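This is what each chain is made of:
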Amino acid sequence: MRSGKTEKREVRLSAEQPLTGRLRGDWRDLFAGFVIALDVRKLVLALTGAILVFLFVFLPAPWIALKYKPDMSAELGERGPAGYFVMVPDAIRVIYSQPCHVAFWWTCAALLIGTAIWSLFGGAISRIAAVEIAKEDRIRTQEALSFAWRKWGSNFSSLVACVLGFVFFSSLIAVVALPGRIPGAGPWLALLPALLMPVLFVLGFIASLIGLGTVFGFPLFYPAVAAEGTDAFDAISRGFSYIYSRPWHALAYTVVMLVHGAISTAFIYAFGLGMLAVTCLPIRAGMGPKFDHVLDFALCRISYADLVTAGGTGLGWSAILITSWLLLLSGLTLAYALSYLQSQLTMIYFLLRQRVDELPMTYVYEEHPEEEESAKPGAGEKAAETAKDGEAK
């Protein structure tokens, strides 16, 4: 029988243990990214995350832009609800044409919301990829989401902590120079930053290290949490350490990932276009000119009212359904790109970890079922009650 104690199953395999079947432990493993990324579970997670980011980040943009450009409401009335989606790029351009503080706060809000959403779905994709790379095993989507949900705070706070650290040390430099703005005493107090310049150089050096490490190390934070089951600060430490210890390896892996990713994504896109043509041409032959109205509606060339006038309510509903399927097919290319990116970043993490920490590719953090149960709300109280009942008996 299993004991009631819970412990982490973190067995570090010896370096002599052979790699799994298709892995070699070098840059050639990145070419397995196409197979790893082309996974229904990862594609569904990536597409869901992309849709949520669009809904909560980009979709409100026209509503925000109306505040600064009221004449957009007339254009929205002409295009109808379907035209709202087309106006998103124009609305973003309107926002960035406003004073700097407007674009700055919108960008901060967009990055914060986008990071919050992708911390869950990107973390789940990294977890699936980490287990698949190390064990050649497939875990369920529910297990990956459950793991990512428990580690959401680590994924989200890793980037936030880095940004706050950069802002903190940069602000210290600005605070030292701030007395120079005092009227009358400014020229004399301007000597303060000059006298403290060595200290300011140190603060600038720390801020530069944090900024550079964040830009190039942040992509490794999610894989670190997924592979090690660690917290935000350990993920930051690993990301910074691997980038600064093996910068040329990281650069070479990134170049291979981008080139291979561009080719494979172009292939997926071309295949999707071909499948779309093979499907739509017979539909056009069957429906005749009515299908042209459907395509015009899907491309936002005509409004729903014009479509109903031309072909009736039935054609309108048909156009809505066909447009939904076309959007879903288009989203699969984006889903593959996101799945590929997150999976390959996880592979790069494993390769860099092997170089720096000399940990084998076959090591990944695993959990006992008891650990998952103990993480659920109220599990601790239930365990305590069970223990008391046992003592009473």
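To keep things clear, this report deals only with the structure shown in the data block. (Residues numbered from 1 in each chain as written. Predicted model: local features only at pLDDT ≥ 70, side-chain atom pairs only at ≥ 80, totals over all residues. Heavy atoms only, no water.)

**As for helix H2 (residues 40–58)**
In a regular helix each residue adds 1.5 Å, so 19 residues correspond to 27 Å; H2 covers 26 Å between its end C-alpha atoms and thus fits that length. Along H2, the positions that sit buried rather than exposed are Arg41, Lys42, Leu43, Leu45, Ala46, Leu47, Gly49, Ala50, Val53 and Val57. Its buried side turned inward, H2 meets helix H1 (33–37), helix H3 (61–65), helix H6 (100–135), helix H7 (141–150) and helix H17 (313–356). (Helix = DSSP H or I, 4+ residues; strand = E, 2+ residues; numbered from the N terminus. Expected span 1.5 Å × (residues − 1). Buried < 20%, exposed > 50% of the residue type's maximum accessible area, 1.4 Å probe, protein only. Contact = heavy atoms within 4.5 Å.)

**Some details on helix H14 (residues 247–287)**
Compared with the 60 Å implied by 1.5 Å per residue over 41 residues, the 58 Å span of H14 between its first and last C-alpha is a close match. For H14, the set of buried residues is Ala250, Tyr253, Met257, His260, Gly261, Ser264, Ile268, Gly272 and Cys280. Looking at the buried positions of H14, the neighbouring elements they touch are H1, helix H13 (232–245), helix H15 (289–298) and H17. Positive phi shows up at glycine 288, right after H14, with a value of about 75 degrees.

**Here we look at a nonpolar patch on the surface**
Residues Phe205, Leu209, Leu212, Val215, Phe216 and Tyr244 make up a contiguous nonpolar surface patch of roughly 600 Å² in combined accessible area. Ranked by residue count, the leading element in the nonpolar patch is helix H11 (residues 197–217), at 5 residues. By the element assignment, tyrosine 244 lies in helix H13. (Patch = residues over 30% accessible without salt bridge, like charges linked within 9 Å, V, L, I, M, F, W, Y side chains within 5 Å. Areas by Shrake-Rupley, 256 points an atom, 1.4 Å probe, with all protein chains shown as cover. Salt bridge = Lys/Arg side-chain N within 4 Å of Asp/Glu carboxyl O.)

**Re the packing of H15 against helix H16 (residues 304–311)**
Remark: H15 packs on H16, axes separated minimally by 10 Å, with the N-to-C direction vectors making an angle of 175 degrees. As far as their axial angle goes, H16 and H15 are roughly antiparallel. Counting all contacts with H15, which are made through His293, Val294 and Phe297, the residues of H16 involved are Tyr304, Leu307 and Ala310. Each residue belonging to the contact of H15 with H16 can be placed in one class, and the counts come to 5 nonpolar, 1 polar and no charged. (Axes fitted to C-alpha atoms, helices over the stretch in contact; angles between N-to-C directions. Parallel < 35°, antiparallel > 145°, perpendicular 65-115°, else oblique. Nonpolar A, V, L, I, M, F, W, Y, C, P; charged D, E, K, R; others polar.)

Interpretation note: all reported values are geometric properties and have no functional meaning in isolation.
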